[in-house]
Amino acid sequence: MKVRELVETPQRFPDQDATVVIGEGVTPNVWLVVEGAVERGIHGKKDNLDWVGPGSEPGIEIV
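Residues numbered from 1 in each chain as written. Predicted model: local features only at pLDDT ≥ 70, side-chain atom pairs only at ≥ 80, totals over all residues. Heavy atoms only, no water.

A. Structural context of the environment of Val-30. Checked against the element boundaries, Val-30 lands in the loop between strand E1 (21-23) and strand E2 (31-33). On the accessibility criterion, Val-30 (34% relative accessible area) is partly exposed. (Helix = DSSP H or I, 4+ residues; strand = E, 2+ residues; numbered from the N terminus. Buried < 20%, exposed > 50% of the residue type's maximum accessible area, 1.4 Å probe, protein only.)

B. Local environment of the packing of aromatic side chains. Enumeration over the complete set of coordinates arrives at 0 aromatic pairs. Above the face of the Trp-51 ring, Lys-45 is positioned so that its terminal group lies 5.1 Å from the ring centre. (Phe/Tyr/Trp six-rings, centres within 6.5 Å; stacked < 30°, edge-to-face > 60°. Lys NZ or Arg CZ within 6 Å of the ring centre and 35° of its normal.)

C. Region of interest: the sheet that holds strand E4 (residues 52-54). In space, the 3 strands of this open sheet follow the order E4-E3-E5, with antiparallel pairing throughout. Strands with a single pairing partner mark the edges of an open sheet, and in this sheet they are E4 and strand E5 (57-62). Between one strand axis and the next, the sheet turns through 65° on average, direction left out of account. With 3 bridges joining them, strand E3 (residues 37-44) and E4 adopt antiparallel strand pairing. Within E4, the position partnered with Gly-44 by the bridge is Val-52. (Pairing = 2+ DSSP bridges. Axes fitted to C-alpha atoms, helices over the stretch in contact; angles between N-to-C directions.)

Written as structure tokens, this is what we have:
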């Protein structure tokens, strides 16, 4: 997801006071409450697009 998509997608929802959560991923029905975003340098795996780690590519970490 690009920064523009991260911003524009929630703006389409009618309740702008809703809390943002992210699915934990491994355990169903477990969510993480979003408190902010931080710029990070990232590196994505070419064979697994769901995984990133520290690197030099621009990225945003949702915290």
